[in-house]
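Structural characterization, general
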Amino acid sequence: MDLAVFSSKAYDQRFLAAANTADRYRLVFLEPRLSHETAALAPRGSAVCAFVNDDLGSVTLEALAANEVRLVALRCAGFNNVDLGVAARLGIRIARVPAYSPHSVAEHTVGLMLSLNRKLHRAYNRVREGNFALDGLLGFDMAGKTVGIVGTGQIGTVLAAILTGFGCRLLATDPVPSPACAGLVRYVTFDELVAEADILTLHCPLTPATEHLVDDRAIDRMKPGVMLINTSRGAVIDTRAVIAGLKSGHIGSLGLDVYEEEADLFFEDLSERAIADDVFARLLTFPNVLITGHQAFFTEEALTAIAETTIANVSAFERTGRPLHEVTADMRASRT
Ligand code: NAD
């Protein structure tokens with residue numbers, strides 16, 4: 001069977017080739033993002049491997065179905081970019097990688113917190129320019145601070161364990177509390193969480209219920225000077241509301257690994273071009289904003305696990321007609 005890998009980079013090729021033992025599948029690496037216009041690049045009847053910013057809306061799925069594609073194996077955990085109802089109607093199975101080193105994302109989240117708190121991104125530039133002044137670099141002890149975790153699934157749970165080591169007081173909100181978090185966090189409502197957190201960090205999936213969860217109203221209820229971190233999905237935050245909060249000073253600092261409109265920016269070298277997205281460009285002007293380009297997952301361990309699970313999904317589909325980790329329309333309903 002052919003496996004057509006869209007949005008593929010050199011690192012995808014390296015890790016997928018290693019996981020494809022004995023050259024079991026013919027890997028067809030395609031640089032373009034998956035869309036209705038590029039769907040025909042997949043060899044007829046192949047399985048398709050897609051990533052976070054690939055378009056799996058109804059028109060693309062129709063094009064894939066016309067190309068006799070019966071499996072889309074996402075090489076990520078989130079599946080907010082897939083029209084699951086249309087996929088089911090067309091008989092296309094959707095697979096994902098539900099778990100692949102939650103440590104990668106949790107540790108990157110802590111990296112953003114520490115960098116913003118101690119202004120490491122600014123200190124790095126200062127020292128390189130021979131400026132050893134400390135004014136403007138004042139931080140705070142993480143110990144004793146209240147961290148609000150939105151979503152205590154795999155990543156939120158690992159984060160809770162790490163921050164326990166820092167001596168933080170942990171509050172969390174999740175419609176399905178995690179037994180692994182018992183004793184680590186105190187579960188409260190979202191409104192209580194935002195009102196009490198010194199640091200608010202997002203680890204829920206993007207669903208209709210979590211889209212723009214952090215909006216004007218939520219920001220108004222936050223503590224002045226709050227640190228806000230988002231490594232989940234961009235649209236969990238209303239970026240315009242957050243910019244207003246940064247301008248007023250109500251939000252003290254912002255760390256992002258994801259952005260609502262990241263599909264037009266992230267994973268590409270655009271350094272020779274002007275950024276056309278004025279909202280994103282505005283974010284870059286704040287000294288207390290630190291943005292990484294969706295790299296929280298990007299560790300050796302995570303890429304190895306993603307590649308191995310993707311091949312296992314294809315292999316199970318080939319043997320049984322169903323991938324190992326299938327995403328079904330009722331999963332979205334249960335997560336909202
Ligand atoms: P998970 O499914 O294990 O956990 C998500 C948790 O969020 C669940 O416990 C769920 O009950 C909870 N949740 C759902 N709706 C909620 C709501 N309204 N309020 C609070 N909690 C809610 O997922 P995970 O592996 O921990 O990943 C979390 C998210 O992180 C993913 O959905 C994905 O979007 C994102 N992610 C980002 C990267 C990255 O590189 N930046 C990598 C992996 C995952």
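Preceding block: the structure.
The sections below set out a description of the structure shown in this document. (Residues numbered from 1 in each chain as written. Predicted model: local features only at pLDDT ≥ 70, side-chain atom pairs only at ≥ 80, totals over all residues. Heavy atoms only, no water.)

Once that is clear, we can look at the sheet that holds strand β4 (residues 71-74). Across the sheet, which stays open at both edges, the six strands sit in the order β2-β1-β3-β4-β5-β13 with mixed pairing between neighbours. Both outer strands of the open sheet, β2 (26-29) and β13 (326-327), are each paired with one neighbouring strand and no more. As paired elements, strand β3 (residues 47-50) and β4 share three bridges and run parallel to each other. Bridged to Val48 within β4 is Val72. Together, β1 (2-5) and β2 form the strand contacts of helix α1 (residues 10-19), whose direction differs from that of β2 by roughly 175°. (Pairing = 2+ DSSP bridges. Helix = DSSP H or I, 4+ residues; strand = E, 2+ residues; numbered from the N terminus. Contact = heavy atoms within 4.5 Å. Axes fitted to C-alpha atoms, helices over the stretch in contact; angles between N-to-C directions.)

Strand pairing in a sheet relies on backbone hydrogen bonds, with the paired strands running either antiparallel or parallel. Spatially, the seven strands line up as an open sheet ordered β8-β7-β6-β9-β10-β11-β12, and their pairing is parallel. Each edge of the open sheet is held by one strand with a lone partner, namely β8 (186-187) and β12 (289-291). Looking at chain direction, strand β11 (residues 251-256) and β12 are connected through three bridges and run parallel. Bridged to Gly255 within β12 is Leu290. Packing against the sheet, helix α4 (residues 102-118) makes contact with β6 (146-150), β9 (199-202), β10 (226-230), β11 and β12, and its axis sits at approximately 145° to β10.

Time to look at the pattern of salt bridges. Summed over the entire model, instances satisfying the criterion amount to 13 salt bridges. Notably, a salt bridge pairs Asp191 with Arg221, separated by 3.9 Å at the nearest N-O pair. Of this pair, Asp191 sits in helix α7 (residues 190-196) while Arg221 sits in helix α8 (residues 216-221), placing them 30 residues apart in sequence. The class of Asp191 is partly exposed, set by a relative accessible area of 27%. Sharing partners across several salt bridges, the network here consists of Arg93, Arg322 and Glu326. (Salt bridge = Lys/Arg side-chain N within 4 Å of Asp/Glu carboxyl O. Buried < 20%, exposed > 50% of the residue type's maximum accessible area, 1.4 Å probe, protein only.)

Turning our attention to helix α2 (residues 58-66). Residues of α2 that are buried: Thr60, Leu61, Leu64 and Ala65. Down the axis, α2 shows its buried residues gathered within 140° of arc, on one side only. Opposite the buried face of α2, at more than 90 degrees from it, the exposed residues are Val59 and Ala66. Contact partners of the buried residues in α2: β3, β4 and α3 (84-90). (Arc of directions from axis to C-beta.)

Turning next to the side chain of His108. Looking at where His108 falls in the secondary structure, it is placed in helix α4. Reaching out from His108, the side chain makes a polar contact with the side chain of Thr292 at a distance of 3.0 Å. The contact partners of His108, leaving out residues within four places of it in the chain, are Asp257, Thr292, Gln295 and Ala296. (Polar contact = N/O pair within 3.5 Å; in protein donor to acceptor, adjacent residues only side chain to side chain.)

Further remarks concern empty space enclosed by the protein. Taken as a whole and assessed by the stated rule, the structure comprises one cavity of 30 Å³ or more. The calculated volume of the largest cavity comes to roughly 100 Å³. A class-by-class count of the residues in the lining of the largest cavity yields eight nonpolar, no polar and two charged. (1 Å grid on protein atoms, 1.4 Å probe; cavity = no way out; pocket = protein on both sides within 12 Å on 5 of 7 lines; lining within 4 Å. Points joined across faces, edges and corners; volume = space filled by probe spheres on them. Nonpolar A, V, L, I, M, F, W, Y, C, P; charged D, E, K, R; others polar.)

Compared with the 24 Å implied by 1.5 Å per residue over 17 residues, the 24 Å span of α4 between its first and last C-alpha is a close match. Burial analysis of α4 places twelve of its 17 residues in the buried class, which makes it a mostly covered element. By the burial criterion, the buried members of α4 are Pro102, Ser104, Val105, Ala106, His108, Thr109, Val110, Leu112, Met113, Ser115, Leu116 and Asn117. Lys119 occupies a position one or two residues after α4 and carries a positive phi of about 55°. (Expected span 1.5 Å × (residues − 1).)

Below, the discussion takes up the site of the ligand. Close to the ligand lie 24 residues; Tyr100, Gln154, Ile155, Asp174 and Asp257 are nearest. Contacts to the ligand include Gln154, whose backbone N or O atom sits 3.0 Å from an oxygen atom. At 3.2 Å from an oxygen atom of the ligand is found a main-chain nitrogen or oxygen belonging to Phe297. When the ligand sits alone it has 860 Å² of accessible area, and the protein chains cover 88% of it. Its residues placed into classes, the shell around the ligand shows ten nonpolar, ten polar and four charged. (Near = heavy atom within 4 Å. Areas by Shrake-Rupley, 256 points an atom, 1.4 Å probe, with all protein chains shown as cover.)

Another aspect to go through is the packing of α4 against helix α6 (residues 154-166). Any two packed helices are characterised by how steeply their axes cross, that is the angle between the axes, and by the distance between the axes. At their nearest, the axes of α4 and α6 sit 8 Å apart, and the two run at 50° to each other. Considered as vectors, α4 and α6 are oriented oblique to each other. Between α4 and α6 lies a crossing whose hand is right-handed. Contacts from Pro102, His103, Val105, Ala106, Glu107, Thr109, Val110, Met113 and Leu114 of α4 reach α6 at Gln154, Ile155, Val158, Leu159, Ile162, Leu163 and Phe166. A class-by-class count of the residues in the contact of α4 with α6 yields twelve nonpolar, three polar and one charged. (Parallel < 35°, antiparallel > 145°, perpendicular 65-115°, else oblique. Left-handed = near helix turned anticlockwise from the far one by under 90°.)

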